[in-house]
Amino acid sequence: MLEEFVDSYSKDLILACFGDEAELYAEDFKITESFYRKYSTTLLENIDIIRNKTIVDVGSSTGVWSVLMCMLGAKSVVSIEPRAKFSNGLKKFTNKHNFPITCVTDFHTATSDYIVDTVVMMQIADLIPDIVTFLAKLKSNTDKILLNTELHSHVPNDQIEVVLRPNVSLRHGFNFSELDTVDSVTGNQTDIFKAIEDPDNGLYLMYNYGANYFQTIARYLGYTVEKNYTTEYDEKTNSSIYVINLKS
Amino acid sequence: MSGNYVERLRISIDIENQTRKDQINPTISLGLNDEFYSHYTVTNDFDTYSFDAIVYTVGSQIVQLKINELEQDSWRIGQIYIRDLRIHGISVGMNLYSSIYYPVSHPDGHTEMPSILCLGNRGLWSFQIDTPLHENTKDWKIGLV
C-alpha cells in the first residue's frame, strides 16, 4: 500500500503542502525506514481501530497519516491542524483525490466538535497544554485513543519535563496565551529575527513525558490501556504507543 | 529514486537588499561545497534566489553564498541580509543562526563571525547540512512526517 501512496499520492501531497520549491523532493520521495516503522507500528498494528472507523487526526500536520488511514479503509477522517499552510494544502490534495477527509484549520480543542470511533494523536501529545483535561474531555467524543508519543528515558516514570522553544520550525507548538500573534500563513508566532531580538517572543512549551505517564493518567481518568509498547524509529528516536479504551 | 545520487536539493535563499541608490548592486553566487551553480545580481529590495544541486555523498555538505568582489569601487557594493533559507520549500528556521560568515574585508581575511546574517560588502556565507536531509530527525527536519 505504501507503494501505491508513493506512486499515486505523495507527489501531490508534498507540492500541496510545501509548494513548488519542493518539486525535487516530491519527485524523489521514497519511504524511509523510519517512515515505514511509524506506519507499521502505529497504523498497521492497530488496523482494527482504523478500518471502517470514523477518526479524528489531531494535529495532522501535512495530513500524511490521515491519507494513509483512508487508504487503510477508514470510513472518514477529520484532520485538525492549526497551521493553515498544511490544512489548506491537505484540502487542496483531498479535493483532487476525493479522500473522505475533512480538513479543519483549528487547534486540538476542536476535537470536541466531532463524535468519532477513534481519536489518533500521532506525535502531538507533547505540544498540547493540559493534556489531562484534553484526554478527560475526549470521553464524550470517542471510544478509543491511538496515541504515539516520543519516549524520553531521562524523564522519571510518571513525570513531565517542560522545555521552552521558539515557535519557528517545521514542527512546533503554540504559545496559547498569544494566539492573536499567529501568522495566518506560516502558523508561526514569531520569525527568526524577532526571536533573536526578543527571546521571549513566540515561545511555546514542549512536554516530555516519562515512560509511565499515560498509564498513570489513564488510571486516574478511569480509562483502560489496552496496548502499550515501545518502538525504535531511528538511533535518536524511541516512541511509546498506546491504545486507550475510554468506555470500558 | 533513479540514478546513483544520494539526494537532489532545491535550495532557496530570501535576500533583503539594503543597497542605497548610490551604491553598486551586489552580485552573488550560490552553490554547494565550493561548486557555484547560480549567479545573480541582487537588484530588488527583497527577492528569492534558488539553485538545484545533486549530492552524491552521505554526510556533511556546505551551502554557500558568495558576495562577489569587483575590481574597482568594491567598497560601494551594497549590503544584503539573508532573511531565510529554505530547502525543498521548508525553512531551516532558527538553525539559520548556525551559519558562518567569512568577510573578506576583515584584516585577517576569512574570519568566522557566527550568528551574523548581515553580510556586509564582500565575503562568503556558509551553512552546513547533512544529507540525506529527509532522514534528519530532531533539531531540523524536512519531509512529510
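None of the values given here were measured: they were computed from a predicted structure.

Quick notes on the rules
All residue numbers refer to position in the chain's written sequence, counted from 1. Chain A is the first chain written and ligand 1 is the first ligand written, with later ones labelled in order. With pLDDT at 70 or above as the cut-off, local features in this predicted model cover only qualifying residues; side-chain atom pairs require 80 or more to be listed or tallied, and sums for whole chains, interfaces and linings still use all residues. Going along the chain from the N terminus, every DSSP run of H or I of four or more residues is numbered as a helix, and every run of E of two or more is numbered as a strand. Buried, partly exposed and exposed are defined by the number of other C-beta atoms within 10 Å of a residue's own C-beta, namely 20 or more, between the two limits, and 12 or fewer respectively, with C-beta atoms placed from the backbone. Distance between backbone-placed C-beta atoms decides contact: two residues are in contact if it is within 7 Å. Definition of nonpolar core: a set of buried Ala, Val, Leu, Ile, Met, Phe, Trp, Tyr and Cys residues joined via C-beta atoms within 7 Å. Just so you know, the domain bounds were taken from an automatic or database domain assignment. In this count, Pro and Cys sit with the nonpolar residues alongside Ala, Val, Leu, Ile, Met, Phe, Trp and Tyr, while Asp, Glu, Lys and Arg are called charged and the others, Gly among them, polar. When DSSP finds two or more bridges between a pair of strands, those strands are recorded as paired. Look down the strands so they point away from you; if the path from the first strand over the helix to the second goes clockwise, the crossover is right-handed. Axes, fitted as lines to C-alpha atoms, cover a helix only where it is in contact. Angles between the N-to-C directions of the axes lie from 0 to 180 degrees. The span you would expect from a helix comes to 1.5 Å times its residue count less one. Helix crossings are classified by the rotation of the near helix relative to the far one: an anticlockwise turn of less than a right angle makes the crossing left-handed, while a clockwise turn makes it right-handed.

### Points about the overall build of chain A
Logical step 1: Looking only at helices and strands, one finds 9 helices and 9 strands in chain A.
Logical step 2: Once the C-alpha set of chain A is aligned to its principal axes, its extents read approximately 50 × 45 × 40 Å.
Logical step 3: Counting only residues that meet the buried cut, chain A has 44% of its 248 residues in that class.
Logical step 4: Considering only residue pairs separated by 6 or more positions, chain A has 65% of its internal contacts joining residues 24 or more positions apart.

### Let's talk about the overall build of chain B
Logical step 1: Each helix and strand counted, chain B has 0 helices and 9 strands in total.
Logical step 2: Scanning chain B from its N terminus toward the C terminus, one meets helices and strands in the order β-β-β-β-β-β-β-β-β.
Logical step 3: Across the 145 residues that make up chain B, the buried fraction comes to 32%.

### Section: the nonpolar core
Residue and element names in this part refer to chain A.
Logical step 1: In this structure, Leu-13, Ile-14, Met-69, Val-120 and Met-121 are the most contacted members of the largest nonpolar core, which totals 91 residues.
Logical step 2: Counting contributing residues, this core receives three or more from each of domain 1 (2–154 + 210–245) and domain 2 (160–208).
Logical step 3: Not counting chain neighbours up to four residues away, the residues in contact with Met-69 comprise Leu-43, Ile-50, Ile-55, Ala-74 and Val-77.

### Quick look at the interface of chain B and chain A
Logical step 1: Each side of the interface is counted separately: chain B has 21 residues, and chain A has 29 residues.
Logical step 2: Top element by residues in the side of chain B that touches chain A is strand β1 (residues 7–17) of chain B. It accounts for 4 residues.
Logical step 3: Split into classes, the residues belonging to the side of chain B that touches chain A amount to 8 nonpolar, 6 polar and 7 charged.

### Structural notes on the pairing of strand β3 (residues 101–104) of chain A
Residue and element names in this part refer to chain A.
Logical step 1: Of the pairings in the sheet, the one linking strand β2 (residues 76–80) to β3 comprises 4 bridges and is parallel in character. Bridge pairing links Ile-80 to Val-104 in β3.
Logical step 2: Taken together, β2, helix α6 (residues 84–97) and β3 constitute a β-α-β crossover, and its handedness is right-handed.

### Quick word on the domain arrangement of chain A
Residues and elements named next belong to chain A.
Logical step 1: In terms of domain boundaries, chain A breaks down into domain 1 (2–154 + 210–245) and domain 2 (160–208).
Logical step 2: Computed from C-alpha atoms alone, the centre-to-centre distance between domain 1 and domain 2 is 22 Å.
Logical step 3: With 10 residues of domain 1 at the contact, the number on the domain 2 side is 13 residues.
Logical step 4: Within the side of domain 1 that touches domain 2, the residues separate by chemical class into 6 nonpolar, 1 polar and 3 charged.

### Section: the sheet that holds β1 of chain B
Two modes of strand pairing occur in sheets, parallel and antiparallel, and in both the strands are linked by backbone hydrogen bonds.
Logical step 1: Spatial strand order, β4-β1-β6-β7 (chain B): 4 strands in an open sheet with antiparallel pairing. The two strands at the open ends of the sheet, each matched to only one other strand, are β4 (46–55) and β7 (90–91) of chain B.

### Brief notes about the sheet that holds β2 of chain A
Residue and element names in this part refer to chain A.
Logical step 1: Taken in spatial order, the 7 strands line up as β3-β2-β1-β4-β5-β9-β8 in an open sheet, and their pairing is mixed. A strand with exactly one partner marks an edge of an open sheet, and here the two such strands are β3 and β8 (224–232). Neighbour to neighbour, the strand axes of the sheet diverge by 15° on average, direction disregarded.
Logical step 2: Here strand β1 (residues 54–58) runs beside β2; their pairing, made up of 5 bridges, is parallel. Residue pairing in the sheet places Val-56 in a bridge with Val-78 of β2.
Logical step 3: Against the sheet, α6 engages β2 and β3, with an angle of about 155° to β3.

### Looking at unusual backbone geometry
Residues and elements named next belong to chain B.
Logical step 1: Of note, the bond from Thr-131 into Pro-132 is cis; its omega dihedral lies within 30 degrees of zero at 0°.
Logical step 2: Turning to its location among the elements, Pro-132 is positioned in the segment after β9 (123–131).
Logical step 3: In this structure, Asp-34 takes a positive phi of about 70° despite not being glycine.
Logical step 4: Relative to the helices and strands, Asp-34 resides in the loop between β2 (27–32) and β3 (35–41).

### Things to note about α6 of chain A
All names here are of chain A.
Logical step 1: Under the 1.5 Å per step criterion, the end-to-end length of α6 is 19 Å for 14 residues, consistent within 8% with the ideal 20 Å.
Logical step 2: Here α6 has its buried residues at Lys-85, Phe-86, Ser-87, Gly-89, Leu-90, Phe-93 and Thr-94.
Logical step 3: In the segment just after α6, Asn-98 is the residue with positive phi, at about 55°.

### Here's the deal with the packing of helix α2 (residues 10–18) of chain A against α6 of chain A
Residues and elements named next belong to chain A.
Logical step 1: At a minimum axis distance of 7 Å, the contact between α2 and α6 shows a crossing angle of 145°. Seen along the crossing, α2 lies across α6 with a hand that is right-handed. On the side of α2, the interface is formed by Asp-12, Leu-13, Ala-16 and Cys-17, while α6 contributes Phe-86, Gly-89, Leu-90, Lys-92, Phe-93, Lys-96 and His-97.
Logical step 2: A per-class count over the contact of α2 with α6 returns 6 nonpolar, 2 polar and 3 charged.

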